[in-house]
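# Structural overview for review
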Amino acid sequence: MDDVDRAADSDAAPPAASSDPPERPLLLLDVDGPLNPYAAGAQPPGYGEYVVTGMPAGPLRLWLRPAHGERLLSLPYRLVWATTWMHEANTVIGDRVLGLPPLPVIEWPTMFTTDDPDGLYWKTRHVAAWAAGRTFAWVDDEITAADAEWIAEHHAGEALLRQINPARGLVEEDFEALEAWARELDRGRPGTGPDTPG
Ligand SMILES: [Mg+2]
């Protein structure tokens, strides 16, 4: 983004803070869509094909990009699984393919419901309840503008909802947008103040 000036020395230590370091925002991760671009016509470059067995619905084929693990870990966020894979995201995907440490998991009390009175995606109210006012970004292929509006009205903290094209999955543009949003949050924190204009 053009409003961000990169420091000449990005390795420079941040100024000493007078209190504890601010908590990183949460990044809520969907699997099917963002990490598994299931709607792509063919296996995308950089992705491997993985078959998960032992699932109730039978073997599942996934495309995953192992390099996504390192990229996710480079982000200034605390990663959280927000996927119907729930705990299997840790064991089957995070650990075996992406090289991620075990991450917190949002456990859905119900899944795939389609009767939301406001037409919301079935995850949205659960996400808001789970986040409980904490700042979060959320990447998912099924988020709509209605979800973003509802979260803006009902969630006390900051939130970024980013819909990911399931034919493309997470791409560098998405990672950079997440980084930019986290930087904007940092600027808005009490005590840090905005950058000097100009
Ligand atoms: Mg999905």
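Basis of the calculations
- Residues numbered from 1 in each chain as written.
- Predicted model: local features only at pLDDT ≥ 70, side-chain atom pairs only at ≥ 80, totals over all residues.
- Helix = DSSP H or I, 4+ residues; strand = E, 2+ residues; numbered from the N terminus.
- Buried ≥ 20, exposed ≤ 12 C-beta atoms within 10 Å, placed from the backbone.
- Contact = placed C-beta atoms within 7 Å.
- Arc of directions from axis to C-beta.
- Pairing = 2+ DSSP bridges.
- Axes fitted to C-alpha atoms, helices over the stretch in contact; angles between N-to-C directions.
- Core = buried A, V, L, I, M, F, W, Y, C linked by C-beta atoms within 7 Å.
- pLDDT = per-residue confidence, 0-100.

## Some words on the overall build of the protein chain
- In terms of regular secondary structure, the protein chain is built from five helices and six strands.
- In sequence order, the secondary structure elements of the protein chain are arranged as β-β-β-α-β-α-α-β-α-β-α.
- Expressed as a percentage of its 198 residues, the buried residues of the protein chain come to 28%.
- A fraction of 63% describes how many contacts in the protein chain between residues 6 or more apart in sequence connect residues 24 or more apart.

## Regarding helix 2 (residues 88–98)
- Of all the positions in helix 2, only Ala 89, Val 92, Ile 93 and Gly 94 are classed as buried. The buried side chains of helix 2 occupy one side of the element, clustering within an arc of 155° when seen end-on.
- Of the surrounding secondary structure, the elements contacted by the buried residues of helix 2 are strand 2 (48–52), strand 3 (60–64) and strand 4 (78–81).
- A positive backbone phi angle near 70° is found at Gly 99, which sits one or two residues after helix 2.

## Regarding the sheet that holds strand 1 (residues 26–29)
- Pairing is parallel in the open sheet, where four strands are placed in the order 4-1-5-6. Strand pairing shows two members of the sheet lacking a second neighbour, strand 4 and strand 6 (159–163), which therefore form its edges. Averaged over all neighbouring strand pairs, the angle between strand axes comes to 20°, with direction disregarded.
- Summarising the sheet, strand 1 and strand 4 pair through four bridges and their orientation is parallel. When the sheet's bridge partners are listed, Leu 27 is paired in strand 4 with Leu 79.

## Digging into the nonpolar core
- Counting 35 residues, the largest nonpolar core has Leu 27, Leu 28, Ala 137 and Trp 138 as its most contacted members.
- Residue contacts for Leu 28: discarding those within four places in its chain leaves Val 80, Ala 82, Val 127, Phe 136 and Trp 138.

## As for the environment of Thr 113
- Assignment of secondary structure puts Thr 113 in the loop between helix 2 and helix 3 (124–131).
- As a C-alpha pair, Thr 113 and Lys 123 span ten residues in sequence and 8.8 Å in three-dimensional space.

## A short note on the environment of Ile 164
- Summarising the element assignment, Ile 164 is placed in the loop between strand 6 and helix 5 (172–188).
- In this structure Ile 164 comes out as buried when scored by C-beta crowding, with 21 C-beta atoms within 10 Å.
- Excluding anything up to four places from it in sequence, Ile 164 contacts Gly 33, Pro 34, Val 139, Asp 140, Asp 141, Gly 169, Leu 170 and Asp 174.

## So, the confidence of the model for the protein chain
- Looking at the protein chain as a whole, its pLDDT mean stands at 88, while 85% of the residues score no less than 70.
- Between residues 1–17, whose pLDDT stays under 50, and residues either more than four places distant or in other chains, the model counts four contacts.

## Things to note about the environment of Trp 81
- As for its position among the elements, Trp 81 is in strand 4.
- Sequence spacing of Trp 81 and Leu 27 is 54 residues, and the spatial spacing of their C-alpha atoms is 8.3 Å.
- Discounting residues that sit within four places of it in the chain, Trp 81 has contacts with Leu 29, Met 86, Ala 89, Asn 90, Leu 103, Val 105 and Ile 106.

## Topic: helix 3
- By the burial criterion, the buried members of helix 3 are Thr 124, Val 127, Ala 128 and Ala 131. Considered in projection along helix 3, the buried side chains sweep an arc of 95° and stay on one side of the axis.
- The inward-facing, buried residues of helix 3 contact strand 1, strand 5 (136–140) and helix 4 (145–154).
- Of the residues trailing helix 3, Ala 132 is marked for its positive phi of about 50°.

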